[in-house]
Amino acid sequence: MMAASLLLRRDKKATAAHLKADLNRADNSSGVRQLQELLDTVLNPETPAADTEALDWCKCLIAGGEGFEEFCKTVRSYDNATLCGLVWTANFVAYRCRTCGISPCMSLCAECFNNGDHTGHDFNMFRSQAGGACDCGDSNVMRESGFCRRHRLRTGENLPSIPRDLLLMSEMVLPHFILCIIQYLRDGYVEPDTSTERDLQKVLQQLEPQISFLEELTKMGGAMRTVLTKILTNQQTFKELSMGQEENLYAKKNYDKYLSALQNSGLVSVEEKAQAAAATADVTVGAEGGAGAMVLLGTTAPESPDESSKEEDQDAGQSVGQRKRVKLSSSTKDQCIIETLKHKCFLEELLFWTIKYEFPQKMVTFLLNMLPDQDYKITFTKTFVQHYAFIMKTLMKSHESDTMSNRIVHISVQLFSNEELARHVTEECHLLDIMVTVLLYMMESCLIKSELQDEENSRHVVVNCSEALLKNNTYWPLVSDFINILSHQSVAKKFLEDHSLLMLWMSFVSFFQGMNLNKRELTEHVEFESQTYYAAFAAELEACAQPMWGLLTHCKVKETQEYSKTVVRYCLETLQIWFDSIGFIDEPAPNQVTFHLPLHRYYAMFLSKAVKCQGLDLDSLLPDQEILMKIMVHPLQIQASLSEIHSNMWVRNGLQIKGQAMTYVQSHFCNSMIDPDIYLLQVCASRLDPDYFISSVFERFKVVDLLTMASQHQNAVLDSEQERPMLEGALTFLVILTSLRVHLGMTDDEILRGEMVSQLCMNDRTHSALLDLIPENPNPKSGIVPGSCSFEEMLSAVADFKAPVFEPGGSMQQGMYTPKAEVWEKEFDPIMVVLRTVYRRDVQSAMDRYSAFLKQSGMHTGNPWPPYKERTALHPCYKGLIRLLHCKTLHIVIFTLLYKIWMDHSNMSEHVLCMVLYLIELGLDNQVQDNKEDEEPCIEEHCHDSWFPGTNLLSNLHHVINFVRVRVPETAPEVKREAPPSTSTEASSYGQNLREAQVFSLVAERRRKFQEIINRSNTEATQVVRPKSSSTRWVPPGTPPQLVTEILEIRESMLSLLIKLHQKLSSKQNSLSETWLEDMDTSRHTHGDGITAIERILTKAAARSCQIKRSIQDICGKVCPPVPPKKNSPADKKTMDKEERRQRARERQQKLLAEFASRQKSFMETAMDVESPDTEAAMDLGGSEVMESEVLYDCVICGQSGPSTEDRPTGLVVLLQASSVLGHRCQSKEAKKLPTSDEEHIYAADTCGVAHDVRLTLMQSFFKDSSCLQSVSIGWDGGVYVQTCGHTLHIDCHKSYMESLRNDQVLQGFSVDKGEFTCPLCRQFANSVLPCRPGRGTEAGAWHTPTNKKTFVLVKEVQDLQEKLGPFTTESNLSKEMELVIKDIKNTTQKKYMDYGKNPGSPDNDFLFMYSVARTNLELELVHRGGNLCSGGASASAKRSCLNQLFHVLAMHMRLYSIDSAYNPWTKLTQVLQAREADGFEDERPEVPMLFRDIPSLLIIFVLTMPQPLRKEHFTCVVKMLYNLQFTQALAALSTKFSPEERQAWSTSGALKKNVANAETSFEALLSHIIGELSEDKSVYKVKTEETSMLSSSVWSPQSIEFSLQQFCLPFLRLSCLLQHHLYGDNLTGCPEEEEFVSLAVCLELLPSAPQPSKIVHSAWCLNWAVSAFGLVTQWCTEVTGLTQMQAEQSLTLLVQEPQWTAPRLLQLPDNYNIIFQYYHRKACTACKKVPKDPALCLVCGAFVCLKGVCCKQQGICECVLHSQHCGAATGIFLLINASVIIIIRGHRFCLWGSVYLDAHGEEDRDLRRGKPLFLCEERYRVLEQQWGSHTFDHINKRWGPHYNGL
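Residues numbered from 1 in each chain as written. Predicted model: local features only at pLDDT ≥ 70, side-chain atom pairs only at ≥ 80, totals over all residues. Heavy atoms only, no water.

Participant: Would you mind going over the nonpolar core with me for this structure?
Facilitator: In globular proteins that are soluble, nonpolar side chains generally tend to be buried together. With 299 residues, the main nonpolar core has Phe512, Phe698 and Ile920 as its most contacted residues. The greatest single-element share of this core, amounting to 14 residues, is contributed by helix 26 (residues 532-552). Phe698 has contacts with Val703, Val704, Leu707, Ala730, Leu731, Leu734, Val893 and Leu1002, leaving out every residue within four places of it along the chain. One finds Leu1446, Val1518, Ala1533 and Leu1610 within the second-largest nonpolar core, a separate group that totals 130 residues. (Core = buried A, V, L, I, M, F, W, Y, C linked by side-chain atoms within 4.5 Å. Buried < 20%, exposed > 50% of the residue type's maximum accessible area, 1.4 Å probe, protein only. Helix = DSSP H or I, 4+ residues; strand = E, 2+ residues; numbered from the N terminus. Contact = heavy atoms within 4.5 Å.)

This is how it looks when you write it as structure tokens:
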């Protein structure tokens, strides 16, 4: 040990290098010894695992003196792997391509997928559930064409061989390192019952660095993996190291721990073995231990013969707790399933501990990372199989079975998807035996006694669905592995050839036969509704049906006949055993049903396959009649129960029973449940006696008593309201049974087409819904079977695509498929629809759509009946099914029902008639080909044979029945009350009738038939038939009236009844004339109602038989009305009255509807078109009247109409919201692009909001604050926008309304405490009320009349008005409300958007905020109008505009501040002032020069501070004066863009014009003047740099100057015009864009009148100077040039304003969603530097944020909400990267908006569940943008909820 301690002290790197050199020598024994000693010391398992020293040593030693990083690089360069093998864990995003995959489990990592070529393939992206690995490069799992570039080239094959010394150290060091890990694991393990989960977790946490190191090694590539494989699989090394040296006590203890952990790793634990050995070969171990011990004959009695597997259990009836014993035949050769495990190498022990520790993620990843190494793969797979039973035992004990299941499958799917490998382990390790045994053993742990049929004596056991094993799907990983290996043909064939295995499997399936039994509650409702049915259906589907479908895929060709025969034989044997063990004889127990008959379904599906694909003869696979009768009972019981459940007979069992009935037919289950059941019944029906079958059906459906000619009857088992639905159910079932051809001869393509049509007929469907609704078998949707039609082709053949549309309500439609017209016409099959509907309403929906189609295409206008559809031809094997339609029992039933419907008996319905006619028509279309003599002579005892001569429907149709004997209650109308016949003739005829009268009893019939069959096959028939004891009949309270026998005179045939029904339906006496058959046009028969159906049947019958044709003509000839039996005259009168009553009711209804419509119309008019109250009143009234008329408002709460007064003000319902939409405008026409790579960025500097902020800051640094705050507007970001729905209410009414909302505890989508509510009339969202000013409407009359005062007079008046302080309003309700609204407005936005002044809260600040609110609203209205006023007219937004009221509220508030007259801008606008003396205020800053001021702001300030109402002439005067300034600013700004030469030229040419008469309105003169003025002193022109002159290389012509000037002035003109429109109600006239300037100038009276079209208008003509133009201009310019403090550059910046902003736009998104997803879903957040769990993108500015992330929370507010406040003043639009949907945050609420990315079928893919490629839907994105710009999110999106700052 000395040497080791010496080495330890030295530098690690040096030591490593030294040792490596030693080991490389020829004689390396000393080196080896030194290394061994060093490792023993370093890797001492007694030091705590958390100590990283050991790990560092290992890294250094392995690298042999180099740095570890360099070593990794070197090793990687020798990587010879041709597979990718990248391993991922849950939630990783991977791809699956069905076109390239051989195995359905194939998956690719994103890198390999994107580097391969999958264009046009059927691929999708998915989030891994359990984890997986990339299969790129593995040709066993996927086609080579799909490999990525890297793995296609097989770069690994021609690498240089690896130098021996590179990995020498690794080979020496790693065995000790791995042993060390194993020793830690042994040491840390404690049995779960003694330890807690946490202890195991702790051990694992400490080992984290070590296992990560192993993982790192695997990532070094093929070379290192080869070394690891050698070490892990070398048995010698394991032997040497595993036990530990003798003298080492620790190692010994450690090894003992390991051995004890191994103790119970086998299937049979040690104690059980001892018992088994003691017992004899055939002993049964009782279930004392609860484990239901499996005595495996393989272990205890090898000599037991093979047949032992078929022995019956003689002693299974001993005790209730007895578990049914399952015997494995001695063919289970592999002892390792049963024995305790023995380990031979590190890999085996590592896997063992991985299992013991319940599959820690890191270990799993390490084991999987090694898989690209072929040798490892094979060894590991064998090891995994060897541990399979142990895995199952651990899984059953685990608390975290879900996580563990995922990890198991993560491993097994990698191993078993590979057919080569699966076949190899099947042959070498008996994989199939192991799997089946393990599954059996697992299910044995939860068996209970079956209560089906004979509760006391039943010997059958079933799984208990309420056990955790089933409830939590714990069996899932094992079953999924089993299904996976059965998908390989070679493995499946082995399974099908191994009879003992098949027998075992059948016994496994029989555990599920009859599980989850339902017993009908007859007295009270169940207390507790069990939900076990979920578990039961899942278990049957996963554990029975899916393996069955797996096996069936390999039984498709003739060569595989034997397999089907074997399976069918074992199914029948097992069924026979099952019938015996539940004690079944002939009648099912009443009132119980199980939906689970997997044995029946295995039998049915293998039969179907054998006949359809393998050409076997059906009869060779069927048992004798007796067993067929038994087999038929339970599936038929299910069909009857379905009908009972829908007839509400099971309602006391709760909702869950309905759930079962629905699941049974639901698309994922139907092909494994109801379809095989119906097929099996069809097979039975085709082979059993039809009379027996039909009578069984009616008896099962409990409607036998109803099938009597009498008008009254007693039903012992049904209430009267259940009779009709049950009868409808029975008939519908018969129709389905005789017309469904899914397994009886349809090709797979026809089935797919039928399924698709029936789903589309119920409703339009999206592509994904359709994929989901169409059963997977027999048409797998992925991987096209050669020769069959693909899903897409079929879809385009039957359906039209409806592109996704947008509805005005804002609800977004997906792309839908809708049936083509010819599909409705020819292929709509109501029977298939009934079979496939989960909800009954879907049938109605299909019929409604069908009738709508008929109406639209003009084929039929009334209420159509379900159309009759021709059927595919039957496969010859099933021809017997047709005999059902040609049997006397059915004909008697049909005759009886036709008669009852004609006589209006109770409980008959249109549906019953429809189904009866359907059956007749099916019979006519499907004739029996019988060449035997017509009919054997009648035997007397055949009691019903006297009804009809034969069995053929055609001949029976016209057979007349004269008398019928019925049993009726005494009270019935048929009972004759007359005296006995007096005359002899009557008496004799009466006797005659008695002999002829027909009797019909279904039950007796069925008993007799059954008896015959039993006699034929069984001599002891006597004991079988149990007389039906009367005690089973339930006798209703109050004994019923006695039954008496009566004889009815009928004298009708089915034909005559049909014709009479035709008359009844068409309510015409002789609806069919004698010759109608000749005139018949057959083409119109296919669609129509009952009348059409009867005509169609009669035509068909007449065409098939001349006799019928004659009968029809005879019957039609006797056109006399039908004579009903005497007692029935009141019924006739009743029908007459009924018709009349109906007519009257209809008229009443029409009248009511009309009234409703008119009311609705008037409501709509008031609700939608409330003109903004100002435009309403003063429409066409003359001046004088208007003065008096006040505006009247309607209150939508109390409904009263009246003016708004000081005491009781009325207000407009408004929504106030902060908005930054204006601030996000840019100057470029193009929207900004969303960055999708690291090179792209978004800069916010060029937005409107930023530009205005910069401007204000610049001003504030040079000028007086109060002056700055009047020279700009704020509110570009966070401005307050006010909108209304146009409804008004009294403010006091509103207050009480709010109170009631507050007390209403219903969850609303808004917060009443924040003042939010919905408009009581139109339900639009609102949060405040804007008071309306009392008094007249729009300023009209005298205020409008134009005066011809001179300009200077008006200027003076305006000045006086400004100086006159507004009268202070007295304190009144109105003024109080106005103050409150101002408060609301201030609370709407955040503080930072209001305080721009140096001293926050100052009046100046307030003043700025107030007039900016007006500005924001005007600007936004402009945006909504498209940025200009060309459209004219009141736009939609104007109709709902509340600007007038808003102005009055703001004006009232702003008049509290007066403008100091010394600083009044008005004087500077209109007077040339003398230069003021500098009076000592040297230090005071100057005011903002007029040329720097924002003109629209000045306009709003003037209008709001002058006394209201303002006369229009004064308004016009203000606009004119301001226009002068605006024009001057335009000239000044323009002049700075000239080059010095041009400036010189213009200056000279303009100077000449100064002396002309109109110099003041010529731009040349003014321009030259300005150039002159601005060149003085500190000239702004000095700044000119070369680059600007470069830009202005174009020459300025007068035209281009004129155009620039107009563009510069337009924004001001637009705002003035809008303001005028709102204040005075002037109309805006529309005009083309190029004439906008002129049109606005005329409107504002800047131009006297509209000029001639041809004439060019100059913007300078609009100037109106109050004083000398040149004087004023000089004054304005000197303000600029006289600034001493300021640099010329800064002056220039302020002078050149950019008034033109384009409309606000959201970011431009890429067309393909994958581009966004790939870039952002792995991107790290800029704030917290982590990859967010839910990343989101702001679509306004492109910010990348963590949704719901705790990492970026500030003061309890998550990042999305924070960003929405910062970026959009509490409105945020975010795209959630992982879900492709957009959420909107508005204040404290949020909503899911939907997605703007749709797949190729126009569907959203929320949460990317389907993972199909998504493309941008431009229309949707436009709508989103439009809702953002128009602030209508709150109104259009309905589902809002609070986000509690958590987004």
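There's more to say after this.
Participant: Where do I start with helix 42 (residues 910-925) in this structure?
Facilitator: Each turn of an α-helix holds 3.6 residues, which means side chains three or four residues apart point in the same direction. Taking 1.5 Å of rise per residue, the 16 residues of helix 42 would be expected to cover 22 Å, and the 22 Å separating its terminal C-alpha atoms lies within 8% of that figure. Helix 42 sits mainly inside the fold: 13 of its 16 residues count as buried. (Expected span 1.5 Å × (residues − 1).)

Participant: What is the right way to look at helix 32 (residues 674-687) in this model?
Facilitator: The first and last C-alpha atoms of helix 32 sit 20 Å apart over 14 residues, in line with the 20 Å expected at 1.5 Å per residue. Counted residue by residue, helix 32 has 14 buried out of 14 residues, so it is predominantly covered.

Participant: Explain the sheet that holds strand 21 (residues 1744-1746) to me, please; I cannot follow it from the model alone.
Facilitator: Paired through backbone hydrogen bonds, the strands of a sheet run either parallel or antiparallel to each other. What the six strands build is an open sheet, ordered 21-20-22-23-24-27; its pairing is antiparallel. Strands at the two margins of the open sheet, each flanked by one partner only, are strand 21 and strand 27 (1841-1842). (Pairing = 2+ DSSP bridges.)

Participant: Where do I start with the packing of helix 33 (residues 690-700) against helix 34 (residues 720-739) in this structure?
Facilitator: How two helices pack is summed up by the angle between their axes together with the distance between the axes. Interaxial distance between helix 33 and helix 34 falls to 10 Å at its minimum, and their mutual angle equals 140 degrees. Considering the angle they form, helix 33 stands oblique to helix 34. Considering how the two elements wind past one another, helix 33 and helix 34 form a crossing that is right-handed. Here Phe693, Ile694, Val697 and Phe698 of helix 33 lie close against helix 34, whose contacting residues are Ala730, Leu731, Phe733, Leu734 and Leu737. Split by residue class, the contact of helix 33 with helix 34 holds nine nonpolar, no polar and no charged. (Axes fitted to C-alpha atoms, helices over the stretch in contact; angles between N-to-C directions. Parallel < 35°, antiparallel > 145°, perpendicular 65-115°, else oblique. Left-handed = near helix turned anticlockwise from the far one by under 90°. Nonpolar A, V, L, I, M, F, W, Y, C, P; charged D, E, K, R; others polar.)

Participant: What exactly am I supposed to notice about the packing of aromatic side chains here?
Facilitator: The geometry of an aromatic ring pair is captured by two quantities: the separation of the ring centres and the angle between the planes. As enumerated under the stated definition, the model contains 56 aromatic pairs in all. Ring geometry for Trp353 and Tyr357: centres 6.2 Å apart, planes at 55 degrees, overall tilted. Residue Trp353 shares its accessibility class with Tyr357, and that shared class is buried. Among the aromatic residues, ring-to-ring pairing joins Tyr189, Tyr255, Tyr258, Phe352, Trp353, Tyr357 and Phe390 into one connected group. (Phe/Tyr/Trp six-rings, centres within 6.5 Å; stacked < 30°, edge-to-face > 60°.)

Participant: Whenever I open this one, the side chain of Gln682 confuses me. Can you help?
Facilitator: Along the chain, Gln682 turns up in helix 32. A residue is classified by how much of its surface remains accessible, and Gln682, at 3% relative accessible area, is buried. At a separation of 2.9 Å, a polar atom in the side chain of Gln682 contacts the main-chain carbonyl oxygen of Leu737. (Polar contact = N/O pair within 3.5 Å; in protein donor to acceptor, adjacent residues only side chain to side chain.)

Participant: When you look at the pairing of strand 23 (residues 1782-1786) in this model, what are you seeing that I'm missing?
Facilitator: Consecutive side chains along a regular strand alternate between the two faces of the sheet. In terms of residue burial, strand 23 counts as a mostly covered element, since five of its five residues are buried. Examined bridge by bridge, strand 22 (residues 1771-1776) and strand 23 share five bridges and lie antiparallel to one another. For Thr1771, the partnering residue across the bridge sits in strand 23 and is Arg1786. Between strand 22 and the antiparallel strand that follows it, strand 23, lie five residues; Ser1780 among them carries a positive phi value of about 60 degrees. As defined by bridge partners, strand 23 adjoins strand 24 (residues 1789-1794) across five bridges and the pair is classed as antiparallel. Pairing of Ile1785 across the sheet is with Phe1790, part of strand 24. Taking the residues that link successive antiparallel strands as the turn, the strand 23-strand 24 hairpin has two residues, and the phi of Gly1787 there is positive, at about 65 degrees.

Participant: So what exactly am I meant to see when it comes to unusual backbone geometry here?
Facilitator: With the exception of glycine, the majority of residues adopt a negative phi angle, and the majority of peptide bonds are in the trans configuration. In this structure, Asn591 is a non-glycine residue whose phi angle is positive, near 60 degrees. Within the fold, Asn591 resides in the loop between helix 27 (561-581) and strand 8 (592-593).

Participant: How do you make sense of the packing of helix 25 (residues 499-510) against helix 28 (residues 598-612) when you look at a structure like this?
Facilitator: Close contact between helix 25 and helix 28 brings their axes to 8 Å; oriented N to C, the two are set at 130 degrees. Considering their axes alone, helix 25 and helix 28 lie oblique with respect to each other. Of helix 28, the residues touching helix 25 (which contributes Trp505, Met506, Val509 and Ser510) are Pro598, Leu599 and Tyr602. In terms of residue class, the contact of helix 25 with helix 28 is made up of six nonpolar, one polar and no charged.

Participant: Where do I start with the sheet that holds strand 15 (residues 1210-1219) in this structure?
Facilitator: Taking strand neighbours across the sheet as the criterion, the three strands line up as 16-15-19 in an open arrangement whose pairing is antiparallel. If you trace the sheet from one side to the other, it starts and ends with strand 16 (1279-1290) and strand 19 (1328-1331), each paired once. Recorded for the sheet is a direction-independent mean angle of 40 degrees between the axes of neighbouring strands. Across four bridges, strand 15 lies against strand 19 in antiparallel orientation. Along strand 19, the bridge assignment pairs Val1214 with Ser1328.

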